[in-house]
Structures are given as C-alpha cells and as structure tokens.
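Spelled out, the chains give:
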There are 2 protein chains.
Amino acid sequence: MALAHTILAVLSHSPFSGYDISKQFEEVGVGCYWQASQQQIYRELGKMEQQGWVTFEKIPQEGKPDKKIYQMTEVGQQELRRWFGEPTEPMPIREDLLVKVLAAPFMPRDLLVKELRHRRQLHTEKLLEYQAKEAEGKVCLPVPVDERFRYLLLRRGIRYEQDWVDWCDEVLDFLKQQESGPSQK
Amino acid sequence: MALAHTILAVLSHSPFSGYDISKQFEEVGVGCYWQASQQQIYRELGKMEQQGWVTFEKIPQEGKPDKKIYQMTEVGQQELRRWFGEPTEPMPIREDLLVKVLAAPFMPRDLLVKELRHRRQLHTEKLLEYQAKEAEGKVCLPVPVDERFRYLLLRRGIRYEQDWVDWCDEVLDFLKQQESGPSQK
DNA sequence: AGCCTATACTCAAATTGTTGAGTATGTCAA
DNA sequence: TTGACATACTCAACAATTTGAGTATAGGCT
C-alpha cells in the first residue's frame with residue numbers, strides 16, 4: 001500500500017493532477033526510489049478518492065481531456081501521519097544480476113564480464129547525473145527545508161549508484177585475477 | 001520471469017525439492033538478494049515442469065508427503081544460458097523509508113529520527129551477520145569456484161547494508177545539525 | 001500531408017506476489 | 001502431554017504490478 005502513501009507524500013507538497021504526479025515519478029526526485037506507471041497512479045488516485053484521502057477539482061480544458069487536480073484531504077493527512085509513525089522494514093533486494101552471479105560458475109565467463117561492464121556503465125551514468133544535480137543544488141544557499149530533505153534523497157541515490165559501481169569493479173577484478181592465475185582448481 | 005531463472009540457477013548446482021529450494025531462499029546465500037515465498041516457488045516449479053524446463057522424481061516417504069526432487073532438463077539449461085546472455089536492467093529502488101523522507105518536511109521530526117535509528121539497527125544486524133559469514137569463509141583455502149562466486153554475492157550484501165548504515169548516519173547528522181542551529185528558516 | 005511527441009485520462013487482461021488455510025507426521029522440550 | 005517447530009506439499013483468494021490498447025487534440029518536424 002505504499003504507493004498510496006507515496007502519492008500522499010507528493011501531494012503534501014502541493015496539489016497535482018494525476019499526469020503531473022506520474023511525471024514526477026519519472027524524474028530524479030521521486031522516481032529514483034519509487035517507480036509507478038501512469039496506470040497505477042490513476043487507479044490508485046481513484047481508490048484514494050473513494051476512501052476520502054483526496055478530492056479533485058475538474059478543470060475543463062479545450063482540446064484535451066479535463067484535468068483533475070487532486071488535493072489531500074484532512075483524512076488523507078491523518079492517514080499519512082499514521083503511516084509515518086509506523087516502523088518500516090527494508091525492502092529485499094531483487095536483482096537479476098545477482099542471480100546471474102549465482103549461475104555464473106556454470107556459464108561462459110566472458111558473458112558475465114560483458115554484463116558487468118554493461119551494468120557498470122549504466123550505474124556510472126546515473127551517478128554522474130545525480131552528482132550533476134548535487135553540484136547544481138549546492139550553488140545557492142540558503143535553501144528551504146523541503147529542498148534539504150530532497151538533497152538527502154539524492155544522497156541516497158548517489159551512494160546507491162556508487163556502491164554498485166564499486167561492487168562491479170570488485171567482481172571484475174576478481175574475474176581478472178582468476179583468469180591470470182587459476183592457481184587452485 | 002526472473003523467479004524461474006533464479007530457481008534454474010539454484011538447480012544448476014544440484015537437484016533439489018521444492019522445499020529445499022524454499023529453504024535456500026530464506027538463507028543468506030540466495031535470500032539476501034532474491035525473495036520468494038514457498039507458494040511462489042511451488043507454483044513456479046509447476047509452471048516450469050509444464051514448460052519442460054525441469055522434471056521431477058517422486059520420492060515416497062513415510063509419515064511425510066512424497067518428496068519431489070526437481071532437476072533441470074536440457075531445455076531448462078538452454079533457457080538459463082539464453083537468459084544469461086541477455087543484458088539486465090537495474091531494479092528500481094522501492095523503499096518506504098525514502099518515501100518517509102519525502103514526506104518528512106511536514107511531519108514531526110522526532111518520528112523520523114526514531115525510524116532512522118530503527119532502520120540503522122536492522123541494517124547493522126544484517127551487516128554483522130554477513131561479516132561473520134565472511135570471516136568464517138576466509139579461514140580455509142583453497143575454495144571451490146562456486147564458493148568464490150557466492151563470496152561475491154556476500155560482498156554485495158555487505159556493501160549494501162554498510163551503505164544503508166552510512167546513509168542513516170548521514171541523515172541523523174543532518175537532523176542533529178538542523179536542530180542545534182536552525183540558522184536559515 | 002504524414003508522423004512523432006506531449007498532454008490527460010480510461011479500460012481490460014495477464015502476470016506476479018501475498019496471505020492464509022488445509023493435510024500429515026516426527027521430534028524435542030517444558 | 002501439550003505445544004512449538006520442522007518436513008513437504010496443495011489449493012484458493014486477493015492485492016499489486018505490468019503491458020497494451022483506446023480516446024482526443026495540439027504542436028512541431030520532414
């Protein structure tokens with residue numbers, strides 16, 4: 001049920017349309033740590049409206065479908081606060097790449113190397129993107145409080161990507177060592 | 001579809017019963033980077049059998065239901081190899097805790113601190129568990145090849161938990177600083 | 001003129017994941 | 001001896017996620 005709460009968290013900053021929210025889920029701000037498709041968001045908003053967590057105002061538009069601007073209700077705020085007070089559990093990692101490492105002893109070594117390089121590349125790109133964002137934000141101080149919290153999320157993203165890159169290097173090093181000197185069978 | 005491939009990866013080490021596999025998913029070896037419930041595994045094994053990726057041998061047992069020992073087929077091996085050659089994408093992070101940080105500017109600060117300490121604790125425990133495992137494994141060399149690959153997975157787990165602990169500390173520091181000197185509004 | 005992208009939302013289907021109950025028995029400890 | 005725990009699997013229902021199509025129009029590119 002965390003999707004609903006993520007939407008509530010977004011709406012606590014300001015009212016948005018479903019489309020706006022889905023855009024935010026694609027961006028670095030939200031999307032780098034919680035993904036959801038447009039369809040999921042629309043459906044969830046529908047459910048949330050039924051539960052009274054949000055209300056919407058229909059904005060008629062010409063040439064486009066009517067926009068629905070969603071806003072948190074008092075009930076929604078209470079729900080968010082209630083959820084905020086509950087302890088969370090870490091999400092389990094679910095990574096195809098790690099499954100590949102599990103299967104690796106029985107697979108051609110070069111395919112694994114290729115894959116690791118590929119992943120290293122992807123994580124490096126993300127990392128650079130986040131670091132650019134970080135440098136950008138550091139220019140102008142003072143910053144409003146919620147910007148500072150966003151910065152902490154960005155830090156989480158940076159660490160995460162850096163960690164992946166480092167691990168890829170570690171594995172790549174391991175494989176190189178194995179190759180050069182397979183001293184033990 | 002990665003669950004099926006994870007099961008194939010497990011079965012490439014040796015034949016197992018569904019129950020055995022589900023046990024492995026609970027352990028550090030597999031479970032720390034791919035979770036699945038017993039029911040999921042049984043269901044998946046059923047599907048895989050229909051597709052011809054695995055076969056099973058019924059082992060009658062006294063006092064217990066018959067055991068089904070699953071084994072990869074030639075087709076299953078081919079499938080695993082095909083999948084192994086395909087590039088993988090990083091899984092998106094989905095963390096309640098990060099959603100909480102997003103909502104944090106509008107929530108009581110002490111609840112966030114409590115939550116961060118809680119999570120820091122959980123990750124520290126995991127970390128110690130993994131590090132114990134690491135130290136254990138380092139005693140006796142030489143090690144067979146597939147043990148070495150398992151070690152790389154353990155390293156991924158260690159890094160992951162360490163990274164979470166470090167980030168929690170970073171956020172906790174940030175909050176302490178905010179508290180003591182809220183110089184800018 | 002034809003195509004792609006962006007805005008803005010809806011509906012349906014398939015797959016995956018979670019939760020809980022049900023069947024059966026052996027072992028170990030309080 | 002009662003209750004918890006481990007073995008070993010099945011079935012059912014629900015919730016969540018993914019995938020894809022469908023409706024509609026404006027604006028820009030070729």
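Residues numbered from 1 in each chain as written. Chains lettered and ligands numbered in written order. Predicted model: local features only at pLDDT ≥ 70, side-chain atom pairs only at ≥ 80, totals over all residues. Heavy atoms only, no water.

## Notes on the domain arrangement of chain A
All names here are of chain A.
1) Next: The domains assigned to chain A are domain 1 (2–85) and domain 2 (96–180).
2) Next: Distance between the C-alpha centres of domain 1 and domain 2: 30 Å.
3) Next: If you look at the interface, domain 1 gives seven residues, while domain 2 gives six residues.
4) Next: In total, domain 1 and domain 2 occlude about 570 Å² of area from one another, counting both sides; carbon and sulfur atoms represent 62% of this.
5) Next: The largest contributions to the domain 1 side of the interface with domain 2 come from H13, V28 and C32, which together make up 69% of the buried area.
6) Next: On inspection of domain 1 and its partner domain 2, the count reaches zero salt bridges.
7) Next: Looking at which element gives the most residues to the side of domain 1 that touches domain 2, the answer is helix α3 (residues 28–31), with three residues.
8) Next: Each residue belonging to the side of domain 1 that touches domain 2 can be placed in one class, and the counts come to four nonpolar, three polar and no charged. (Domains from an automatic or database assignment. Contact = heavy atoms within 4.5 Å. Buried area = accessible area lost by both parts, 1.4 Å probe. Salt bridge = Lys/Arg side-chain N within 4 Å of Asp/Glu carboxyl O. Helix = DSSP H or I, 4+ residues; strand = E, 2+ residues; numbered from the N terminus. Nonpolar A, V, L, I, M, F, W, Y, C, P; charged D, E, K, R; others polar.)

## A few points about helix α1 (residues 2–11) of chain A
1) Next: Burial analysis of α1(A) places 10 of its 10 residues in the buried class, which makes it a mostly covered element.
2) Next: Those residues of α1(A) lying buried are A2(A), L3(A), A4(A), H5(A), T6(A), I7(A), L8(A), A9(A), V10(A) and L11(A). (Buried < 20%, exposed > 50% of the residue type's maximum accessible area, 1.4 Å probe, protein only.)

## Let's talk about the relation of the copies chain B and chain A
1) Next: Rotating chain B by 180° and moving it 0.0 Å along the rotation axis overlays it on chain A with an RMSD of 0.1 Å. The transformation relating the two chain copies, once decomposed into turn and shift, fits a two-fold axis. Closest to the rotation axis within chain B is the C-alpha of D163(B), separated from it by 3.7 Å.
2) Next: An overlap of 100% is found between the interface residues of chain B and their copies at the interface of chain A, pointing to a shared contact surface. (Least-squares fit on C-alpha atoms with pLDDT ≥ 70 in both.)

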